Amino acid sequence: MSQRAGQKRKVVEVPAPEVEEDADQLDLGALNGDFDGESEEDADEESEEDEDELEDDDELASDEIPSSEDEEEVRQQFQDMKTSNGHSKSAQSLMGSDTAKDVAAIATDTPITPLNSDDAADIPNYTVSTDANGNLRYIYGEIDPVYDSDDSDAVEPGNTIGNIPMSYYDAYPHIGYDINGRRIARPAKGEALDSLLDSIDIPEGWTGLTDPATGKPLELTSEQLETLKKLTRNETPGDGYDPYPDMVEWFTGKGKEEVMPLSAIPEPKRRFVPSAHEHKRVMKMVKAIREGRIKPYRAPLTEEEREREEEEQDFATYDVWATEQPREDHVMNIPAPKLPPPGYEESYHPPPEYLPDDEEKKTWEEQDDEDRDRDFLPRDHAALRKVPGYEQFVKEKFERCLDLYLAPRVRRSKLNIDPESLLPKLPDPAELKPFPTTNTTIMRGHEGKVRSISIDGSGKWVASGGDDGTVRVWEILTGRQLWRLKLSKDEAVNVVSWRPGNAESSILVACCGESIYFMVPQHELCTPEVDAKSREILDAGYGYAATAAPAQKTSAGADKPTAASWARTSATLQERGCLLSLTLRTTPKTLSWHRRGDYFSTVSPGSSSASATAIAIHTLSKHQTQYPRLRLRGLAQTTCFHPSKPLFFVATKVKVRIYDLQAQKMEKELLPGARWISDIALHPLGSNLIISSYDKRLLWHDLDLGATPYRVIRHHTKAIRAVAFHPGGLPLFADASDDGTLHILHGKVVGDSLENATIVPLKVLKGHRVVRELGVLGVEWHPREAWCVSAGADGTIRVWT
Amino acid sequence: MAKIKKKGTSGAAKNYTTRSQALRKLQISLPDFRRLCIFKGIYPREPRSKKRVSKSSTPSTTFYYTKDIQYLLHEPLLGKFRDQQSLAKKISKALGRNEVSGAVRLERNLGVKIKLDHIIKERYPTFVDALRDLDDALSMLFLFASLPSTENVPPKTIAKCQRLTLEFEHYLIRTHTLRKSFLSIKGIYYQATLHGQDILWLVPYRFVQRTGGDVDFRIMGTFVEFYTTLLSFVNFRLYTGIGLVYPPKLDAKSEESGAELSAFTLSGQGEGAEQTEGDGMVDREAQEKAQAAADELLALPAPASEAEEQMPTSPQADQNGDDADAPEATTTLDQFTNLDPNADTLLQPSLTADVQAAAALFEPFTIFLSRETPRHPLEFILKAFGCKRVGWDTSLGEPGAYCGEDDSGITHQIVDRPDLPLPSPPLTEDGVDEDGMLDDGVDDSLAAAKRPSNVRVPGRVYVQPQWVWDSINAGMLQRADLYAPGATLPPHLSPWVKAKKGAYDPTLPLAEQEAEGEAEEADGDSEDEEVDEEDADDALDDASEGEEIDGVRGDAEARDLEDELVDDGMDVHLGGSDSEVKDEVVAGAAEADEWGGFSGDEDVDDASASKEARAHQAELEAEARGLAPGVLGDAKKVAREAGKSKRAKEEREALEETERRKLMMPRRKRKMFEKMVYSNAQRDEGAEKLRGKRRKIESGKTKVSAK
């Protein structure tokens, strides 16, 4: 747009007088309205000419007279055929008026000038008008594809009538139709033009003929004309034309003779040409024969010759390893093992000590061939001449052959080391002292098995209970029996246990049958203060049962039989020191005390008892029994309390569960991998747990580590019955097994969790007899010393120091 | 979902094929497959897990490595086997049509000859590989060389084996590469070192081999076929390696007459003329033949001129030759002895490890082999260790001997007879006995015509064959007097046994190898047995022992005794038994009170806990008795007892300690440990047994010698 504006400005710059003059002439022309050929007009003022021509055209059209016109007019006509004449005209006029208006707006009173035709190409191809609403409206004109436009469809304008004789149009003023359906006017002819023709030079190549196809004058170049002229005169048409060219022999001449035989006579032999290839091959054979590679004829061999030949072939005549290349060994290729060299015993005259004595000779002869450690019997021959032939020689060689091709070969790496180096290094047991080594005291008295033992907190007394239904108290140092009480005639005392605590009180608990008895042993070493204190502790719980939760009533109104009943014992028992009894409906097999001595738990693993009542926790000070709901899977075996935290360990047959009693939830579950746990023991620090099992294993669990054991110790040949840690801080633990031995091990636990526990086996204590597959049933440690006490199935209690 | 893997399509199942699968794949019969496996050296494998490999439930399936079988697939021999099969079919067809001549023609013209050259090259890519595998080949071929021909073993095979083995022996003689040899009850072991490879083979004694019914000669024949090809290539390489022509010329005539080694003529590659084997030797051979013929005609003793001829050629400096083994060679190796028993002992090459030493061992000697000695092994060994002049009795027409028995140049004569007297009684200083010459049944009358063949020729050393073997194994000449005819020989020891820690070594004195206190213990244990134990072994040993100590066989009585022993075996009771009993009594007198002590303390071993206490008590008792005079024996006994108990205690403690440590081992390791301990214990037990026997023998000896 700016360009266009610039153009407009350029137009404005046209000097005014000229414009005025043009305008005058235009006016004049318009006024005249006639075409004056003589009127002097500037050749370059085409616009004016156009104007005139247009007017002429109009005249022609209106008059319908094809007047003779000059060449330019004809050309113009053809030009007009390109574009829509009428449109351009109107457009031009419109444009002119518009521009004029614009110009007028800039400079008033200036006459409107039509634009230069040169500029016409740059004239925008649209008009601006107002539509019905009074807005500007651009009306675009037809696009005029000029010659060098990139419109490929632009074809030469032509007559569209097709291939019909032009005579059809003789009666019409036009000769056909252009592409737009407009008539094509017949070119002017006749007298009207003659004068014009005279005035105009004949264009080059003018022939005066009309090309019938186009209706245009036919033009021929001078050369063409010349050629035509020569042809009409029977002359040679051009310079390069040779009227007499040489003949090309396509089918005659040398090598194109006919090959068809003209006679059936066979080819004569003189015409034979021998094959060079065959000759070559024959010569090769000749050469081979000369060199001896081919033997032309071989006389049949006689039998001797053949044999000799064969014999010669048997021996090597060349070196197989002339070009030897080592091959690297393959893993799967195992060379045959060499036979071992003979030893001294194979000598014909061995040293006398290698000769077998009669017994060895006899065993060798009796053995089968396969069982013999060597395949010959050493023999002594005083001289070489006395050595007989070895009878088995061929057989041995044959067997070697069989081995070579029939025996599977296996590569075996032989470990040639001192077996001592395989043994682990252990600290010297002397450094780990003290630990029990010898049996110092044996306490006899129980009839039948001693099922349980317990050492008093003060470390002076051992209590024991056994199959005979008695509870006995022994002095640990002397092995003297201090006190004895028969609790039952027919039922065994399963557990005896001292109430933990200081020396102020001494309360012994024993489980016999379904009852648990609380006793204050009456013996000479028991002072009255201690006795009184103990009785006080036992009596403290009376009354709680009444004030506790009201007894549950059954639907019938009677008291529901409680699971546990605390009661005074009979007078006879009271006299002997047994003061309190607790009767459960199940048979407790283990009993473990809480550190403070107020709580204890019992486990009744019997299959008859419901799992809900298998584990009971009792409060001594309140004479109360609770059954925690643990929802165990499997039979409960034993329990224990953590020494410092409110944790409760419950061992079932294959698992150990740790419950937090405060939070009332399960803290952890250990999977020792044992098939049947027999006993558990917690380290006094509470960080490590040992589990013994009936399947001969001892499993050390570090509770800081995972659920699987840290060490699995399998030293016993029979089931392990009991295991115990030393309670007094010595790094010792012991286990009792059915093979009649006790194993004392060193198990050092370091306070910080970075270091793992060290376990060293120290001592195997043998002494207990195995009675009916049962060995040692219980083991207990002295609270301070490195002594332990064991209870055996043979009815003895042994003290090991 | 992933594709379900089919069983038996990958892994171990694919790596192994059973034998029947292999047969199906190769499309050959089982005997052919067997032959192919033998030729190609293919053997069954033991898969790590049989269950994973086997598709059937049969437990005793043989598995082959699949790649081995695939490798057999393009074996040219397979084609040959098929040709053989088709030929057999054709022949049987022809025979069925009664066309015998056609069958013969077929067999002659189409007979398949199997060559194994390519297999040799395949199996042994290098020459050294072939040498490494030569042990079995040589043992087998030497066996076949000595077998009689049967329908299973054609004479051609035997001849071939003989020829190849003799060629190989010739090479060893030529290069002096034989290193060791050993006379065992099975045969003679030889060891040669070729190209750094130790080759050990066994040659049977010349007896007719017993071939039981359970020996399949087809299999052995296949092996022999392969081994002959192998050995012939090895021989070719060995011969051409030292510039000899292979195969060496074989004189068929002399071979037939029994000249084993000397039937061959080795010739160098450059010169066409035969040479080597000592040109003098060949000349000598020819001379010898001519001489023998002349002798037969004239019945004259061998001319002295010949003997004189020999004299300058053979530089025998010493006629006695036995103890004067002058250390002339400087290239021989020195033996290093370890002064510090704790230091590591290095393995030392044997004295005959280098060619020079081996070639010089018997070089200065002219050795004659008596008729009764094994001629071939002795000839081979002597020649391999440098002896150029080996003669033997040619009365049976065996060619190749250097000289006859009468040759004056002979320095050593190897005899294997009870004893030989010296010819003229006045000359002997050793004492002559007439009864020495009666035993070997030699035709006395004939020999007596010119010279009794059973008497010694003065100036020669008479030795038994073992002297040769012991000399070469020791790398130096042994004392000839120990190996004199009729003498009880020292034990012949295997040269390949290496002294191992804990194992028994008969060459060392007993005291060096015994564990602490072992002797004492054994003493105590065996004392009671000793009284009644008196067997021929001991008798024999003390007899020889006595001789060893004396060094000279002067004593007529001793000789008498020896002869008796040698002739009648070992179960002779000696005449001096009553004196021994006396001796026993004398020896027992000192020990009499010891026995009382023993009976008192017999349960010491059992009650381990109270042992120390008892030992202490014994000590106290000894102390108490020590006051009294003449109870020195008691003190000794008590000391021994104390030592015993102390040792027992130590042992017990050590055992306890190991038990304790074993407890902390993982199970797998513990099992391994127990296995090792067991095998070590086996070894120790064996060694201890041997030591015990020796102790018994030695104590018997000392008693006899004391007597």
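Residues numbered from 1 in each chain as written. Chains lettered and ligands numbered in written order. Predicted model: local features only at pLDDT ≥ 70, side-chain atom pairs only at ≥ 80, totals over all residues. Heavy atoms only, no water.

**Focus: the overall build of chain B**
Here comes step 1: A count of helical and extended segments in chain B gives 27 helices and 11 strands.
Here comes step 2: For chain B, the proportion of its 707 residues judged to be buried stands at 44%.
Here comes step 3: A total of about 37,200 Å² of accessible surface is found on chain B, and carbon and sulfur atoms cover 54% of it. (Helix = DSSP H or I, 4+ residues; strand = E, 2+ residues; numbered from the N terminus. Buried < 20%, exposed > 50% of the residue type's maximum accessible area, 1.4 Å probe, protein only. Areas by Shrake-Rupley, 256 points an atom, 1.4 Å probe, with all protein chains shown as cover.)

**Let's talk about the sheet that holds strand β27 (residues 698-702) of chain A**
Residues and elements named next belong to chain A.
Here comes step 1: Taken together, the four strands give an open sheet; going across it, the order is β25-β26-β27-β28, and neighbouring strands pair in antiparallel fashion. The strands lining the two open edges of the sheet, one partner per strand, are β25 (677-682) and β28 (711-713). If you compare each strand with its neighbour and ignore which way they point, the axes differ by 20° on average.
Here comes step 2: In terms of strand pairing, β27 meets β28 through three bridges, oriented antiparallel. Within β28, the position partnered with L699 by the bridge is V712. (Pairing = 2+ DSSP bridges. Axes fitted to C-alpha atoms, helices over the stretch in contact; angles between N-to-C directions.)

**A look at the interface of chain B and chain A**
Many analyses report the size of an interface as the accessible area lost when the parts associate.
Here comes step 1: The interface of chain B with chain A comprises 109 residues on the first partner and 93 residues on the second.
Here comes step 2: Contact between chain B and chain A buries roughly 9,100 Å² in total, counting both sides, with carbon and sulfur atoms accounting for 63%.
Here comes step 3: By the criterion of area lost to chain A, the three top residues of chain B are B:I185, B:K186 and B:R660, representing 9% of everything that side buries.
Here comes step 4: Here B:K689 ties to A:E360 by a salt bridge, and the two come within 2.7 Å at their closest N and O atoms.
Here comes step 5: At the junction of chain B and chain A, the tally comes to 31 residue pairs in polar contact (both at pLDDT 80 or more).
Here comes step 6: The element that contributes the greatest number of residues to the side of chain B that touches chain A is helix α27 (residues 667-706) of chain B, accounting for 12 residues.
Here comes step 7: A class-by-class count of the residues in the side of chain B that touches chain A yields 61 nonpolar, 12 polar and 36 charged. (Contact = heavy atoms within 4.5 Å. Buried area = accessible area lost by both parts, 1.4 Å probe. Salt bridge = Lys/Arg side-chain N within 4 Å of Asp/Glu carboxyl O. Polar contact = N/O pair within 3.5 Å; in protein donor to acceptor, adjacent residues only side chain to side chain. Nonpolar A, V, L, I, M, F, W, Y, C, P; charged D, E, K, R; others polar.)

**Structural notes on the confidence of the model for chain A**
Residues and elements named next belong to chain A.
Here comes step 1: Averaged over all residues, the pLDDT of chain A equals 76, while 78% of them reach at least 70.
Here comes step 2: Taken together, the stretch residues 1-69 has pLDDT below 50 and engages in 50 contacts with residues farther than four places along the chain or on a different chain.
Here comes step 3: This model gives residues 81-120 a pLDDT under 50, and the stretch forms 32 contacts once residues within four places in sequence are excluded. (pLDDT = per-residue confidence, 0-100.)

**A short note on the pattern of salt bridges**
Here comes step 1: This model, assessed by the stated rule, comprises 41 salt bridges over all chains.
Here comes step 2: As a salt-bridge pair, B:D117 and B:K115 come within 4.0 Å of each other at their nearest N and O atoms.
Here comes step 3: What makes B:D117 buried here is its relative accessible area of 14%.
Here comes step 4: Its salt-bridge partner being B:R163, residue B:E167 comes within 3.2 Å of it at the nearest N-O pair. Here the residue B:E167 and the residue B:R163 both occupy positions in helix α11 (residues 155-175), the gap between them amounting to four residues, near one helical turn. A single burial state applies to B:E167 and to B:R163, both of which are buried.
Here comes step 5: Three or more residues are tied together by salt bridges with common partners; here these are A:D319, A:E324 and B:R237.

**Considering the packing of helix α3 (residues 30-40) of chain B against helix α12 (residues 217-241) of chain B**
Residues and elements named next belong to chain B.
Here comes step 1: Orientation of α3 relative to α12, taken along the N-to-C sense of each, is 35°, at an axis distance of 9 Å. Judged by the twist between their axes, the crossing of α3 over α12 is right-handed. Listed contacts from α12 to R34, R35, I38 and F39 of α3 are I219, T222, F223, E225 and F226.
Here comes step 2: Here the contact of α3 with α12 is composed, by residue class, of five nonpolar, one polar and three charged. (Left-handed = near helix turned anticlockwise from the far one by under 90°.)

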